[in-house]
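Reading the structure
Next come the chains, spelled out residue by residue.
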Amino acid sequence: MSDRTPRYPFTSYPNGWYFIAETRDMKPGDERSGIVCGTRILFRMQSNGIIVLDNAMQCHEDNGLLYVFWGTQQKEVMRLPHFVELRDDGWMGPFNHVFKIRSHVQDITENTVDRAHMVNVHGYRSAPACHSFRIDGPHLVMSTEGPRTMFGITETIKMDITCYGVGLIETYVVSDHVTTKILITNTPIDEDTVRINLWFAIKKQGRLRDTIHRLLVPPLVHREFSYDLPIWENKIYRAQPILCAEEKDVANYRRWARQFFQEATVNEVAA
Ligand SMILES: [Fe+2]
């Protein structure tokens, strides 16, 4: 533990599920490791196709993505995203962008509910409307809709978002022309650093459109995400921020996020 002043007045390792590694190319007997919350975790593929860890942590695999549960709270009630589109013939992908940044998982997931920044950062003509905002224990579910102009064309962007704790964000993005399913996995690597994996699949619509979407959508998703990175790296945490009307969900989000910090996370695994 260092004696420097921490950037956030709470742990960098809130309770919850975190993505650790891809497993789709693993064969029985293969061993790998990944870092979650400052801890290197070893795992191996068994002959029956089941992944096991070298410690008592709980893990879960879904469509080639492996997650581990950090902490002791809410293990029984917290669901995980089911990303069938990642390997579905009706969808193109998976596409993946990886970022490693100086931030906190709570700040990155907070971007989801911050509708005001969609205008200045992501080119929306006005802050998207929030059609629903529902808290379901450790899950936060919301849907938004707003106008956005790109290449001189204005279209409506609809988003259906589910946050599974502060480590996983699943989003369906439906515009007038393309439908995308995005999974953002935010994994704390150490006290200052988060590794973000941006997984996405694009719904197929026929050969011509698919060719165009395959060329255009991945760099556009990467570009939009890149706009957020310097903000996350330089945000200053304020316990009592001044919020505008479109930011009221930020206060609701932070109240929801408190549940992941209620108990000091017990580091049960070998470092
Ligand atoms: Fe953003």
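Numbers given to residues run from 1 along each chain, matching the order in which its sequence is written. Thresholds applied to this predicted model are a pLDDT of at least 70 for local features of residues and 80 or more for the giving and counting of side-chain atom pairs; totals over whole chains, interfaces and linings are not thresholded and use all residues.

Observations regarding the pairing of strand β10 (residues 153-164)
Looking at chain direction, strand β9 (residues 139-150) and β10 are connected through 12 bridges and run antiparallel. Bridge pairing in β10 places His139 opposite Tyr164. Taken together, β9 and the strand that follows it, β10, pair antiparallel across an intervening segment of 2 residues, in which Phe151 is found at a positive phi of about 55°. For β10 and strand β11 (residues 168-174), the ladder comprises 7 bridges, and the chain directions are antiparallel. Across the sheet, Asp160 pairs through a bridge with Tyr172, a residue of β11. Following β10, the chain reverses through 3 residues before pairing antiparallel with β11; Gly165 in that reversal takes a positive phi of roughly 65°. DSSP calls a pair of strands paired once it identifies at least 2 bridges connecting them. Segments assigned H or I by DSSP are reported as helices when at least four residues long, segments assigned E as strands when at least two residues long, and all are numbered from the N terminus.

Some remarks on the environment of Arg254
Examined against the element boundaries, Arg254 turns out to sit in helix α4 (residues 248-257). Counting other C-beta atoms within 10 Å of a residue's C-beta gives its exposure: the residue is buried at 20 or more, exposed at 12 or fewer, and partly exposed in between, where C-beta atoms are placed from the backbone. C-beta crowding within 10 Å serves as the criterion here: with 14 such atoms nearby, Arg254 is assigned to the partly exposed category. It is 9.9 Å that separates the C-alpha atoms of Arg254 and Ala239, two residues lying 15 residues apart in sequence.

Quick look at the environment of Ser126
Its location among the elements puts Ser126 in the loop between α2 (117-120) and β8 (129-136). For the pair Ser126 and Ala116, spaced 10 residues apart in sequence, the C-alpha to C-alpha distance is 8.2 Å. Contact between two residues is assigned when their C-beta atoms, built from the backbone, lie within 7 Å. Other than its neighbours up to four places away in sequence, Ser126 contacts Val119, Gly146 and Pro147.

Some points on the domain arrangement of the protein
On domain assignment, one finds that the protein holds domain 1 (16-81) and domain 2 (84-259). With 15 residues of domain 1 at the interface, the matching set in domain 2 holds 20 residues. At the level of secondary structure, the elements contributing two or more residues to the side of domain 1 that touches domain 2 comprise β1 (16-22) and β2 (31-36). Take the side of domain 1 that touches domain 2: its biggest share by element is 4 residues, from β1. Note that Gly is not counted as nonpolar here; it falls among the polar residues with everything else outside the nonpolar set of Ala, Val, Leu, Ile, Met, Phe, Trp, Tyr, Cys and Pro and the charged set of Asp, Glu, Lys and Arg. Residue classes in the side of domain 1 that touches domain 2 are distributed as 10 nonpolar, 4 polar and 1 charged. For the domain bounds, the source is a domain assignment made automatically or taken from a database.

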